[in-house]
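# A closer look at the structure
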Amino acid sequence: MTTVAAIIKPTADAPFEVGTIERRAPRANDVVIDVHYAGICHSDIHQAREEWGKAIFPMVPGHEIAGVVTEVGDAVTKHQVGDRVGIGCFVDSCRECENCLAGEEQFCLKGNVATYNGREYDGEPTYGGYSKQIVADENYVLSIPEGIELDVAAPLLCAGITTYSPLKHWGAGPGKQVAIVGMGGLGHMGVKIAHALGAEVTVLSQTTSKEEDGKRFGADHYYATGEEGTLKSLRGRFDLIINTVSADLDIDAYLSTLKLNGSMVFVGLPENTQQFRVFSLVGGRRSLAGSNIGGIRETQEMLDFCAEHGIGSQIELIGADEVEGAYDRVVRSDVRYRFVIDTATIG
Ligand SMILES: [Zn+2]
Ligand SMILES: [Zn+2]
């Protein structure tokens with residue numbers, strides 16, 4: 001075991017503190033990673049504050065991890081000491097179910113092992129990226145290509161793949177009209193990736209306060225949904241809508257902006273049950289769907305794609321003592337567009 005400095009949430013109600021956790025000694029297939037940067041995902045906040053049901057404490061959140069390999073187990077073939085690598089939302093899966101065998105480990109039927117607030121199959125709790133080091137099986141460690149800096153690469157491991165996967169699955173590309181609802185941590189990645197895939201991109205945001213940024217990230221059009229009549233004016237416009245917001249939506253109004261055979265895909269997670277009229281679907285053979293992160297193979301594909309197109313997240317770099325304040329700002333949507341912790345500032 002190795003003692004490692006980390007940013008720890010002792011309980012749901014207690015503030016973060018810097019302390020230490022134990023990491024396992026590397027097994028034959030393990031990679032030891034010096035964590036350089038860890039992104040703050042909105043789901044970190046939900047879990048650290050125990051808003052999604054019972055959580056495991058003490059907790060070290062963080063599933064947007066970028067760093068450098070410092071040691072490898074005897075049987076490791078995929079990574080070498082000195083490699084730039086990343087870890088996303090899970091660090092293991094059953095490797096046997098039909099979804100794992102299809103490379104869709106995010107939908108592992110046994111349940112994959114979450115990077116934090118989870119348990120390894122042997123029962124040990126997992127601790128995430130708000131720490132100076134992490135140990136993980138090589139098969140769940142991604143390569144970060146040269147061409148993306150590690151700090152702006154970190155958020156790709158969750159926010160990047162969460163938007164890339166549905167954009168690919170539902171065929172975003174040249175000739176397609178894609179709308180991204182919301183321009184926060186997820187939404188701004190959706191805009192960059194959809195644009196790089198060749199789609200014509202529209203941002204649908206409450207206000208036009210981020211319009212300049214949106215256009216810079218690659219949006220062709222930008223509309224304020226808070227203004228009367230906006231969605232009505234966009235009737236029948238889109239092939240695909242990716243909804244990144246977790247607020248309640250007038251789903252019927254959004255469905256009406258889809259073309260024939262269009263799809264509206266949820267990646268944001270509203271707390272409340274949402275409602276819509278079935279008429280809104282059958283009228284245009286439309287689909288309402290959801291998507292959750294991506295598998296290991298597709299996450300690697302996304303990282304390679306982002307490197308090739310010069311895509312990173314737009315970040316605000318913070319220190320270990322700023323996490324609590326950053327959480328409050330994320331809840332207020334006051335971040336442009338992802339907080340990333342510089343782990344050199346831990347302890
Ligand atoms: Zn996340
Ligand atoms: Zn599985």
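Every value quoted in this text rests on a predicted model; they were computed, and no experiment measured them.

### Considering the sheet that holds strand β11 (residues 200–205)
- Strand order in the open sheet formed by six strands is β12-β11-β10-β13-β14-β15, and the pairing between neighbours is parallel. Every other strand in the sheet has two partners, leaving β12 (221–224) and β15 (287–290) as the edge strands with one partner each. Strand-to-strand twist of the sheet, defined as the mean angle between neighbouring strand axes without regard to direction, takes the value 20°.
- As paired strands, strand β14 (residues 258–266) and β15 are joined by four bridges and run parallel to one another.

### A short note on the coordination of the zinc ion (ligand 1)
- Protein-derived coordination of the zinc ion (ligand 1) comes from C41 (SG), H63 (NE2) and C158 (SG), at a distance range of 2.0 to 2.2 Å.
- Ordering the donors of the zinc ion (ligand 1) by residue number gives the pattern C-x21-H-x94-C. Within this pair, whereas C41 is found in the loop between β3 (30–39) and α1 (42–48), its partner H63 is found in the loop between α1 and β4 (65–72), the two being separated by 22 residues in sequence.
- By relative accessible area, which is 7% here, H63 ends up buried.

### Description of unusual backbone geometry
- Cis geometry is adopted by the peptide bond preceding P58, which originates at F57 and carries an omega value of -5°.
- Mapped onto the elements of the fold, P58 is located in the loop between α1 and β4.
- The peptide bond linking R336 to Y337 adopts the cis configuration, its omega dihedral lying at -5°.
- Examined against the element boundaries, Y337 turns out to sit in the loop between α11 (323–331) and β17 (338–342).
- Even without being a glycine, N117 presents a positive backbone phi close to 55°.
- Residue classification places N117 among the buried residues on the basis of a relative accessible area of 17%.
- Positioned with a positive phi, I293 is a non-glycine residue whose angle comes to about 35°.
- As for its placement among the helices and strands, I293 is situated in the loop between β15 and α10 (296–308).

### Some words on the packing of aromatic side chains
- In this structure the tally under the stated criterion is five aromatic pairs.
- For the ring pair F16 and Y327, a centre distance of 5.3 Å and an interplane angle of 90° mean the geometry is edge-to-face. Linking F16 in the loop between β1 (2–8) and β2 (17–23) with Y327 in helix α11, this pair joins segments that are 311 residues apart in sequence. Residues F16 and Y327 agree in their burial class; the two are buried.
- Here F90 and Y140 contribute two aromatic rings whose centre-to-centre distance is 6.2 Å and whose plane-to-plane angle is 70°, an arrangement assigned as edge-to-face. One end of the pair, F90, is in strand β6 (residues 90–92); the other, Y140, is in the loop between β8 (133–137) and β9 (142–143), and 50 residues separate them in sequence.
- With a relative accessible area of 4%, Y140 lands in the buried category.

### Description of the side chain of E298
- Here E298 is to be found in helix α10.
- The side chain of E298 is buried and forms no salt bridge, while K168, the nearest opposite charge, is found at 6.8 Å.
- Excluding residues that lie within four positions of it along the chain, E298 makes contacts with I161, Y164, S165 and K168.

### Remarks on α10
- For α10, which comprises 13 residues, the first-to-last C-alpha distance of 18 Å matches the rise-based estimate of 18 Å (1.5 Å per residue) to within 8%.
- What α10 keeps buried is the set I296, E298, T299, Q300, M302, L303, F305, C306 and A307.
- Where α10 is buried, its residues meet β6, β9, α4 (159–169) and α5 (185–196).
- Immediately beyond the C-terminal end of α10, within one or two residues, lies G310, with a positive phi of roughly 65°.

### Some thoughts on the packing of α4 against α5
- Viewed as axis vectors pointing N to C, α4 and α5 meet at an angle of 50°, and their least axial separation amounts to 8 Å. As judged from the angle between their axes, α4 and α5 are oblique. Regarding α4 and α5, the two cross each other, and that crossing is right-handed. Of the residues in α5, those in contact with A159, G160, T162, T163, Y164 and L167 of α4 are G185, L186, M189, G190, I193 and A194.
- Looking at the contact of α4 with α5 residue by residue, the class counts come to seven nonpolar, five polar and no charged.

Procedures and definitions
- Residues numbered from 1 in each chain as written.
- Chains lettered and ligands numbered in written order.
- Predicted model: local features only at pLDDT ≥ 70, side-chain atom pairs only at ≥ 80, totals over all residues.
- Heavy atoms only, no water.
- Pairing = 2+ DSSP bridges.
- Helix = DSSP H or I, 4+ residues; strand = E, 2+ residues; numbered from the N terminus.
- Axes fitted to C-alpha atoms, helices over the stretch in contact; angles between N-to-C directions.
- Donors = N, O, S within 2.8 Å, 3.2 Å for Na, K, Ca; no water.
- Buried < 20%, exposed > 50% of the residue type's maximum accessible area, 1.4 Å probe, protein only.
- Phe/Tyr/Trp six-rings, centres within 6.5 Å; stacked < 30°, edge-to-face > 60°.
- Lys, Arg positive; Asp, Glu negative; His and termini not counted.
- Salt bridge = Lys/Arg side-chain N within 4 Å of Asp/Glu carboxyl O.
- Contact = heavy atoms within 4.5 Å.
- Expected span 1.5 Å × (residues − 1).
- Parallel < 35°, antiparallel > 145°, perpendicular 65-115°, else oblique.
- Left-handed = near helix turned anticlockwise from the far one by under 90°.
- Nonpolar A, V, L, I, M, F, W, Y, C, P; charged D, E, K, R; others polar.

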